[in-house]
Amino acid sequence: PGLSAAQQKTITLNYSNFFPAPHKNSQLAEAWCKEIEKRTDGKVKITYFPGGTLTPAAQTYENVTKGIADIGFSVFGYTRGRFPMISIMDNPLGYKSGVQATKLINEFYKKFKPKELDDVHVLYLHAHGPGILHTKKAVNKLEDLKGMKIRAQGTVVPIVQALGGAPVGTTMPETYDALRTGVVDGAMSPQEALEGWKWGEIVKFTTQNFGSAYTATMFVVMNKNKWNSLPPDIQKIFNEVSAEYADKQGKLWDEIDKLGYDWSATKGHKVIALSKEEDAKWAAAVKPIYEKYAAEVQAKGLPGNEALKFCLDFLKK
Amino acid sequence: MNEVVVGIIGLCIVLLLFLTGIELAFAMILIGFLGFGYLISFHAALNLLAKDVFDVFNSYSFTVIPLFVLMGQIAFNSGIAKRLFDAAYKFIGHVPGGLAIATVAGATAFKSICGSSPATAATFASVAVPEMDRYSYDKRLSTGIVAVVGTLGVLLPPSVTLIIFGIITDQSIGRLFLAGIVPGLISAFFFVVIIYGWCKMNPALGPKGPKSSWAVRIKSVPEVAWVILIFVLVIAGILKGFFTPTEAGSVGTFLVLILVFAKRDLNFKGYWKSALESVRTACMVLFLIAGSTVLGHFIVVTKIPMIAADWIVSLPLPSWLVLVFIALIYLLGGSFIDDLAFMILATPIFYPAIQKLGYDPMWFAIMICITVMAGVVVPPVAINVFVVKNITKTPFSVIYKGVYPFLLSLLFVAILLFIFPALATWLPGRLMGAM
Amino acid sequence: MGGFLNVVLRLSNWMHAIAGAALTFIMLLTVSDVFLRLFARPIVGTFELVGLGGAVIIGFGIPITSWNRGHIFVDFLVNMFPDSLRDGFNIVTRLISMGLFILVGWNLFVLGIDMVKSGEVSTTLLMPFYPVAYGLGVCCFIQCLVLICDIVKIAGGKYE
Ligand code: NA
Ligand code: NA
């Protein structure tokens, strides 16, 4: 009693993102929240928790299914084995841009509707720009990488091995210091990390091995019960805004990659482009990784080979 | 009920529960669980409980705690610690509080191989306190200094706190590392000044011994040369990039173990005793961290940190007072929930305000580090004090009496830094050029 | 009652030994990895195994730490109370703690079941996590036995 109709209907939701508040990815997610609030005329109110303060990155998906957060933004690869189909895209398929990778994952989702995502409502998916090699010593050709210690976790480990490097595991915050002292000679990541994690202060070279570049697929998903409890007109607004933001997010990945290039250039950083033949050599070295992966997915009774072909065809376009 | 009210009631209940004799960690987990359940849902809270406990225990970074504790235990049980302190006594025992001063020097150096503040406290609690007991040092001095000295790690590189701070505020981590060095060394210096002054006033705290001749001193050196060699090897290994500071816990402990086995100072039984003791201490520390993680998730959903930060920043106060309030919030917030988690939560809100007030961002980072340093020894949740109590079986009241004088020195460093910001900004400017 | 106390103590000691072995193991593993890295032959997955070892160290250390009253508590206030009131307080806090550990243990099992269902594995070695979740769950239940022992000791006036 005493509440107006509008107040009674206010739906409040918690949104958890592991990117810290000042990061551009976090700012975009926050803008998504504001846009939803605006277009629903304030009927939806979203409390935004950046920096992994509500749910750590690796827990976000699970915690959305349990309602600890209503909406979550994180990386599929942090919980390996859980998303066999989507993770086909985390392989070194040869990515050229964040826009391309983000378009691919959303098309991929539309086409295959992987069962592994059935326990949430998918708002939108995206994937970062090409994951490539950054080193303290110049790597001009595949042979240069032989025996170099490269920081790697998860899906990047086999890539480093296939390219002849030695994968070393360190935590993300510790990597800066590991690069500084020489515990590792390099790391693989999108260019963005050179500014975001400040590695650009230390590593001096980026090798653009686009033909064997990987990506990390990411999600923005919502608790299924919460989603089902939303009135259809609100659901429509969520879907519209999310579709727009998938595009924005793809572009943002490329934008921050570019900032990463510009910023590292001011630190005296050099970019090494590979010749077509050399790039093809790298691509050939990592090919067995994704073929084996697709076969494993196929063995689980999922259309792994078809999905891989779909991705490779898309990337050739 | 309003979330903020729920949060404040929750924290008050935690404090009340502390007085019932329940384990502090259990009280924090319990109230974190109940509060989160009340605000979000109990179904979600049950899951949170399991996930948080699982994540804290299954963590690579936290394994440095049992490993460095193990190094300390081996050093103690093998008699290495005794010989180190006997040698130190010959050099500096004639100075009031000399062994406490040696402890500060040792821990400052030790910091370059151990990044964890509670692990440093644990190592020195097991190594230094029994030795100072032997020379009739007062427990207030011996336990107080080992609790405080571990905090130096927040300022001296490679500090994880500074790395995270640099990433959140988009600053050069190399510069931040350099910025922390002078204030870190000044803090260590003030610890020494306080020890000396306090022992001058009350000679019974750290009784001075006879002055040894140089012949006696030099004779004590070979006894400890091996330990110093290992120490130098480990530092060199980190600087040369053979291993990370996290790995140094394993490498250093392993080298010490080889040494004591080779010299037959310790047998397997002695090692095993040390390992078992380390397990208990690590379990205690990690339960506290798990407690502050669960409680932290409850506090986050009350939005208290964000609301408090917005409020402070909007107050029409002189800029220095805003800064004092900000420091107090870090002190309080970092007390109940994990320091790093709190920093990630609060810094993005305070940082723009700090820039608007015209303060140097690098300088602000160092100020916050000093606050965090004080936080680990200030009640109600003072993890370093807990570690020292647990290992040395000394009552809280005694340790706190020893901690407070040293807090004065941290306050003094903060004031110095406030008046002379160049203490933080000079070295990076000198070595890395102007921004 | 003494028999029950003995069984729980022996169980706790036995688990304590496993924790000590895990500590030794992660030390040796890290040292080997650092050494082999000199020859560009790192032990892939060290990072994960060490984290996992950490869980064993802490989890299996829970019962003995509690048995020895190794956790931090503040007892100056309850020590000022008359004995019977102090015992009452201690029994209540033991019961509350038991409730808490039953909740944590039970939900660690739920978490383990979820991990089996979702197929989640570690990111590099692709090891399943669920045994760790179950293991920690069991440790929590054994912790409850230790808390029961505490109550037995309080009743017998042998609790400090
Ligand atoms: Na504190
Ligand atoms: Na804390």
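Worth saying up front: this structure is predicted, and the values here are computed from it rather than measured. (Residues numbered from 1 in each chain as written. Chains lettered and ligands numbered in written order. Predicted model: local features only at pLDDT ≥ 70, side-chain atom pairs only at ≥ 80, totals over all residues. Heavy atoms only, no water.)

**Comments concerning the overall build of chain B**
Part 1 of the argument: Each helix and strand in chain B was counted, giving 20 helices and zero strands.
Part 2 of the argument: Its C-alpha atoms give chain B a radius of gyration of 22 Å, within 12% of the compact-globule value 22 Å for 435 residues.
Part 3 of the argument: Along the longest, intermediate and shortest principal axes, the C-alpha atoms of chain B span 70 × 50 × 45 Å.
Part 4 of the argument: For chain B, the proportion of its 435 residues judged to be buried stands at 63%.
Part 5 of the argument: Nonlocal contacts in chain B, meaning residues at least 24 apart in sequence, comprise 79% of its contacts between residues at least 6 apart.
Part 6 of the argument: Within the structure as shown, chain B displays about 15500 Å² of accessible surface, and the carbon and sulfur contribution to it stands at 72%.
Part 7 of the argument: Each charge class in chain B can be summarised by its mean position, and for the 26 positive and 17 negative side chains these summaries are 13 Å apart. (Helix = DSSP H or I, 4+ residues; strand = E, 2+ residues; numbered from the N terminus. Rg over C-alpha atoms; globule rule 2.2 N^0.38 Å. Buried < 20%, exposed > 50% of the residue type's maximum accessible area, 1.4 Å probe, protein only. Contact = heavy atoms within 4.5 Å. Areas by Shrake-Rupley, 256 points an atom, 1.4 Å probe, with all protein chains shown as cover. Lys, Arg positive; Asp, Glu negative; His and termini not counted. Charge placed at Lys NZ, Arg CZ, Asp CG, Glu CD.)

**Things to note about the sheet that holds strand E1 (residues 11-17) of chain A**
Residues and elements named next belong to chain A.
Part 1 of the argument: With respect to topology, five strands assemble into an open sheet ordered E2-E1-E3-E10-E4, the strand pairing being mixed. Strands at the two margins of the open sheet, each flanked by one partner only, are strand E2 (44-49) and strand E4 (120-127). Within this sheet the neighbouring strands show an average axis-to-axis angle of 20°, counted without direction.
Part 2 of the argument: As paired elements, E1 and strand E3 (residues 71-75) share three bridges and run parallel to each other. Residue Asn17 lies in a different strand from E3, and its bridge partner there is Phe73.
Part 3 of the argument: Sitting on the sheet, helix H9 (residues 232-265) is in contact with E1, E2, E3, E4 and strand E10 (217-223), with an inclination near 20° to E4. (Pairing = 2+ DSSP bridges. Axes fitted to C-alpha atoms, helices over the stretch in contact; angles between N-to-C directions.)

**Details of the sheet that holds strand E5 (residues 132-135) of chain A**
Backbone hydrogen bonds hold the strands of a sheet together, and the pairing may be parallel or antiparallel.
Residue and element names in this part refer to chain A.
Part 1 of the argument: Taken in spatial order, the six strands make up an open sheet running E7-E6-E8-E5-E9-E11, and their pairing is mixed. Each edge of the open sheet carries a strand with a single partner, namely strand E7 (166-168) and strand E11 (270-273). Between one strand and the next, the sheet's axes are offset by a mean angle of 30°, whatever the strand orientation.
Part 2 of the argument: Two elements, E5 and strand E9 (residues 205-208), share three bridges in a ladder whose sense is antiparallel. Following the sheet pairing, His134 is matched in E9 by Thr206.

**Remarks on the interface of chain A and chain C**
Part 1 of the argument: Facing the 22 residues of chain A at the interface are 14 residues of chain C.
Part 2 of the argument: A combined buried area of about 1400 Å² lies between chain A and chain C, and 59% of that area is made up of carbon and sulfur atoms.
Part 3 of the argument: There are one salt bridge connecting chain A and chain C.
Part 4 of the argument: Taking the shortest distance from any N to any O, the salt bridge between Lys66(A) and Asp114(C) comes out at 2.7 Å.
Part 5 of the argument: Across the chain A-chain C interface, the total number found is four residue pairs in polar contact (both at pLDDT 80 or more).
Part 6 of the argument: Sorting the residues of the side of chain A that touches chain C by element identifies helix H5 (156-162) and E7 of chain A as the ones contributing at least two each.
Part 7 of the argument: Among the elements that line the side of chain A that touches chain C, the one with the most residues is E7(A), at three residues. (Buried area = accessible area lost by both parts, 1.4 Å probe. Salt bridge = Lys/Arg side-chain N within 4 Å of Asp/Glu carboxyl O. Polar contact = N/O pair within 3.5 Å; in protein donor to acceptor, adjacent residues only side chain to side chain.)

**Description of the interface of chain C and chain B**
Part 1 of the argument: Across the boundary between the two partners, chain C contributes 57 residues, which contact 51 residues of chain B.
Part 2 of the argument: The interface formed by chain C and chain B includes three salt bridges.
Part 3 of the argument: Between the two partners, chain C and chain B, sit twelve residue pairs in polar contact (both at pLDDT 80 or more).
Part 4 of the argument: When contributions to the side of chain C that touches chain B are tallied by element, the ones reaching two or more residues are helix H1 (2-37), helix H2 (46-67), helix H3 (76-80), helix H4 (83-118) and helix H5 (130-155) of chain C.
Part 5 of the argument: Counting residues per element, the side of chain C that touches chain B draws most heavily on H1(C), which supplies 15 residues.
Part 6 of the argument: Taken together, the residues of the side of chain C that touches chain B break down into 38 nonpolar, 15 polar and four charged. (Nonpolar A, V, L, I, M, F, W, Y, C, P; charged D, E, K, R; others polar.)

**Regarding the confidence of the model for chain A**
Part 1 of the argument: When pLDDT is averaged along chain A, the result is 93; 97% of the residues meet or exceed 70.
Part 2 of the argument: For residues 1-7 of chain A, every residue scores under 50 in pLDDT, and the model assigns this stretch one contact once sequence neighbours within four places are set aside. (pLDDT = per-residue confidence, 0-100.)

**Observations concerning the side chain of Thr93(C)**
Part 1 of the argument: Residue position: Thr93(C) is located in helix H4.
Part 2 of the argument: Only 2.9 Å separates the side chain of Thr93(C) from the backbone oxygen of Asn90(C), close enough to count as a polar contact.
Part 3 of the argument: Polar side-chain contacts of Thr93(C) include one of 3.2 Å to the side chain of Arg94(C).
Part 4 of the argument: Sequence-distant contacts of Thr93(C), defined by excluding residues within four places in its chain, comprise Thr20(B) and Ile22(B).

**Considering the pattern of salt bridges**
Residue and element names in this part refer to chain B.
Part 1 of the argument: Counted under the stated rule, the structure contains 34 salt bridges over all chains.
Part 2 of the argument: Across the pair Asp265 and Arg83 runs a salt bridge, and its minimum N-O distance is 2.7 Å. Pair noted here: Asp265 is in the loop between helix H12 (245-262) and helix H13 (268-302) and Arg83 is in helix H5 (residues 80-92), with a separation of 182 residues, a long-range link.
Part 3 of the argument: In this structure, Asp86 engages Arg134 in a salt bridge whose closest nitrogen and oxygen atoms are separated by 2.9 Å.

**Regarding H13(B)**
Residue and element names in this part refer to chain B.
Part 1 of the argument: If you check H13, its first and last C-alpha atoms are 51 Å apart, about what 35 residues at 1.5 Å a residue would give, namely 51 Å.
Part 2 of the argument: Among the 35 residues in H13, 28 count as buried, and that is most of the element.
Part 3 of the argument: Among the residues trailing H13, Lys303 stands out with phi positive, at a value near 65°. (Expected span 1.5 Å × (residues − 1).)

**Some remarks on the packing of helix H17 (residues 361-375) of chain B against helix H19 (residues 396-419) of chain B**
Between two packed helices, the angle of one axis relative to the other and the distance separating the axes together describe the packing.
Residue and element names in this part refer to chain B.
Part 1 of the argument: Two elements in contact, H17 and H19, have axes whose closest approach is 10 Å; the angle formed by their N-to-C orientations is 170°. By the angle between their axes, H17 is roughly antiparallel relative to H19. For the pair H17 and H19, contact is made by Trp363, Ile366, Met367, Ile370, Met373 and Ala374 and by Leu407, Leu410, Val413, Ala414, Leu417 and Phe418, respectively.
Part 2 of the argument: Its residues assigned to classes, the contact of H17 with H19 comprises twelve nonpolar, no polar and no charged. (Parallel < 35°, antiparallel > 145°, perpendicular 65-115°, else oblique.)

**Some words on the environment of Leu332(B)**
Part 1 of the argument: Inspection of the secondary structure assignment puts Leu332(B) in helix H15 (residues 319-336).
Part 2 of the argument: Residues Leu332(B) and Ile366(B), 34 residues apart in the sequence, show an inter-C-alpha distance of 18 Å.

**Here we look at empty space enclosed by the protein**
Part 1 of the argument: A complete count under the given rule lists four cavities of 30 Å³ or more for this structure.
Part 2 of the argument: Empty space within the largest cavity amounts to approximately 150 Å³.
Part 3 of the argument: Val168(A), Gly169(A), Gly45(C), Thr46(C) and Phe47(C) are, among the 19 residues lining the largest cavity, the residues nearest its centre.
Part 4 of the argument: Contributions of two or more residues to the lining of the largest cavity are made by E7 of chain A together with H1 and H2 of chain C. (1 Å grid on protein atoms, 1.4 Å probe; cavity = no way out; pocket = protein on both sides within 12 Å on 5 of 7 lines; lining within 4 Å. Points joined across faces, edges and corners; volume = space filled by probe spheres on them.)

**Re the environment of Leu28(A)**
All names here are of chain A.
Part 1 of the argument: Relative to the assigned elements, Leu28 resides in helix H2 (residues 24-39).
Part 2 of the argument: The spacing of Leu28 and Gln249 is 221 residues in sequence and 7.5 Å in space, taken between C-alpha atoms.
Part 3 of the argument: Not counting the four nearest positions on each side in its chain, Leu28 is found in contact with Tyr245, Lys248, Gln249 and Leu252.

**Structural notes on a nonpolar patch on the surface**
Residues and elements named next belong to chain B.
Part 1 of the argument: On the surface, a cluster of nonpolar side chains totalling about 1000 Å² of accessible area is made up of Leu317, Trp320, Val324, Phe325, Leu328, Leu408, Leu411, Ile415, Phe418, Ile419 and Phe420.
Part 2 of the argument: Where the nonpolar patch is concerned, the elements lending two or more residues are H15 and H19.
Part 3 of the argument: Looking at the nonpolar patch element by element, the count peaks at five residues for H19.
Part 4 of the argument: Looking at Val324, the relative accessible area reads 38%, which means it is partly exposed. (Patch = residues over 30% accessible without salt bridge, like charges linked within 9 Å, V, L, I, M, F, W, Y side chains within 5 Å.)

**Topic: the packing of helix H10 (residues 276-299) of chain A against helix H11 (residues 304-316) of chain A**
Residues and elements named next belong to chain A.
Part 1 of the argument: For the pair H10 and H11, the least separation of the axes is 7 Å and the interaxial angle reads 140°. Taken as axis vectors, H10 and H11 run oblique relative to one another. Contacts between H10 and H11 involve Tyr290, Glu291, Ala294, Ala295, Val297 and Gln298 from the former and Gly304, Asn305, Glu306, Leu308 and Leu312 from the latter.
Part 2 of the argument: For the contact of H10 with H11, the per-class residue count stands at six nonpolar, three polar and two charged.

**Brief notes about the packing of aromatic side chains**
Part 1 of the argument: Enumeration over the complete set of coordinates arrives at 48 aromatic pairs over all chains.
Part 2 of the argument: Between Tyr176(A) and Phe177(B) the ring centres are 6.3 Å apart and the planes differ by 85°, which places this aromatic pair in the edge-to-face class. Residue Tyr176(A) is located in helix H6 (residues 172-181), and its partner Phe177(B) is located in helix H10 (residues 173-201); the two belong to separate chains. For the residue pair Tyr176(A) and Phe177(B), the accessibility class agrees, reading buried in each case.
Part 3 of the argument: Among the aromatic residues, ring-to-ring pairing joins Tyr15(A), Trp32(A), Tyr48(A), Trp227(A) and Phe238(A) into one connected group.
Part 4 of the argument: Here the basic side chain of Lys198(A) rests over the ring of Trp263(A), its NZ or CZ set 5.0 Å away from the ring centre. (Phe/Tyr/Trp six-rings, centres within 6.5 Å; stacked < 30°, edge-to-face > 60°. Lys NZ or Arg CZ within 6 Å of the ring centre and 35° of its normal.)

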